[in-house]
Amino acid sequence: MEERQIVVVGGRSDSLYRLGRSLSRKGLVAAVCGLVLIFFPASTVALAVLAVAAVSLTFGIAELFEARERARRMRRWGAPALRGLVFVGFAAVLLAAPEPSLRTLVAMTGAVWAAGGLIDLLATSKATWEERDPLRRLRGWVSLLGGLVVAIWPGVTVRVVGTLVGSFLLVVGLVTYAAGRLLRRTADHQPPLRLERWS
């Protein structure tokens, strides 16, 4: 004679709860980083420049040590020594004046961007009427004007970009945190499963 057994599986899903908790933590971190970028855009970017300087200094010292080891073994050491000096020099400039260095890099980026737009405009102006690409002409004007704005006002550009990136991080962080809370609530209130088994 077959017996009917009912097995009740627990309601809470631990894996779903852990996923929700992980999402909530990541959302909080992103939101905090976004707030810091919104209120302190220039300082935050300056800290990023200092981090780049630290990495560059580490690479430079490693290259100089490699050059010394190569010189001891009577091997060519000029290339690693040159790379090490370039890395160390770049780090020294960034560490000595992080904000002016950042403004200079942003201005150079804007100049390159403007030059690319000018090249696009010159190329489209010399093309025949049939070969002209209106999309490339529009891209050229946007690149030229945007590059000039960035090159002329690098400090303002850093603040605006920092604020925009911070706002994006804040929104993404809040949405991610809300999704994590929803997943945790769903995992807590998941109804138990009733499984029937015949033996």
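Residues numbered from 1 in each chain as written. Predicted model: local features only at pLDDT ≥ 70, side-chain atom pairs only at ≥ 80, totals over all residues. Heavy atoms only, no water.

Caption draft 1: Representation of the overall build of the protein. Along its length, the protein carries six helices and two strands. Traced from its N-terminal end to its C-terminal end, the protein shows the element sequence β-α-α-α-α-α-α-β. Residues classed as buried in the protein amount to 25% of the 199 residues present. Taking the contacts inside the protein whose residues are at least 6 apart along the sequence as the reference set, 80% of them involve residues at least 24 apart. Summed over its atoms, the accessible surface of the protein is roughly 13,900 Å², and 70% of this surface lies on carbon and sulfur atoms. (Helix = DSSP H or I, 4+ residues; strand = E, 2+ residues; numbered from the N terminus. Buried < 20%, exposed > 50% of the residue type's maximum accessible area, 1.4 Å probe, protein only. Contact = heavy atoms within 4.5 Å. Areas by Shrake-Rupley, 256 points an atom, 1.4 Å probe, with all protein chains shown as cover.)

Caption draft 2: Summary view of the environment of Pro98. Positionally, Pro98 belongs in helix α4 (residues 98–126). A sequence separation of 53 residues divides Pro98 from Val45, and the C-alpha atoms of the two residues are 9.3 Å apart. When residues no more than four places from it in sequence are discounted, the contact partners of Pro98 are Ala46, Val49 and Leu50.

Caption draft 3: Structural detail: the pattern of salt bridges. Enumeration according to the criterion identifies three salt bridges in this entry. Its salt-bridge partner being Arg139, residue Asp120 comes within 3.6 Å of it at the nearest N-O pair. Taken together, the positions of Asp120 in helix α4 and Arg139 in helix α5 (residues 134–152) put the pair 19 residues apart, joining distant regions of the chain. With a relative accessible area of 44%, Arg139 lands in the partly exposed category. (Salt bridge = Lys/Arg side-chain N within 4 Å of Asp/Glu carboxyl O.)

Caption draft 4: Fine view of a nonpolar patch on the surface. Taken together, Trp141, Leu145, Leu148, Val149, Ile152, Trp153, Val156, Val160 and Leu164 make up a surface patch of nonpolar side chains, about 870 Å² in accessible area. Elements with a contribution of two residues or more to the nonpolar patch: α5 and α6 (154–188). Among the elements that take part in the nonpolar patch, α5 stands out by supplying five residues, more than any other. By the secondary structure assignment, Val160 is in helix α6. (Patch = residues over 30% accessible without salt bridge, like charges linked within 9 Å, V, L, I, M, F, W, Y side chains within 5 Å.)

Purely geometric stuff here, so don't read any function into it on its own.
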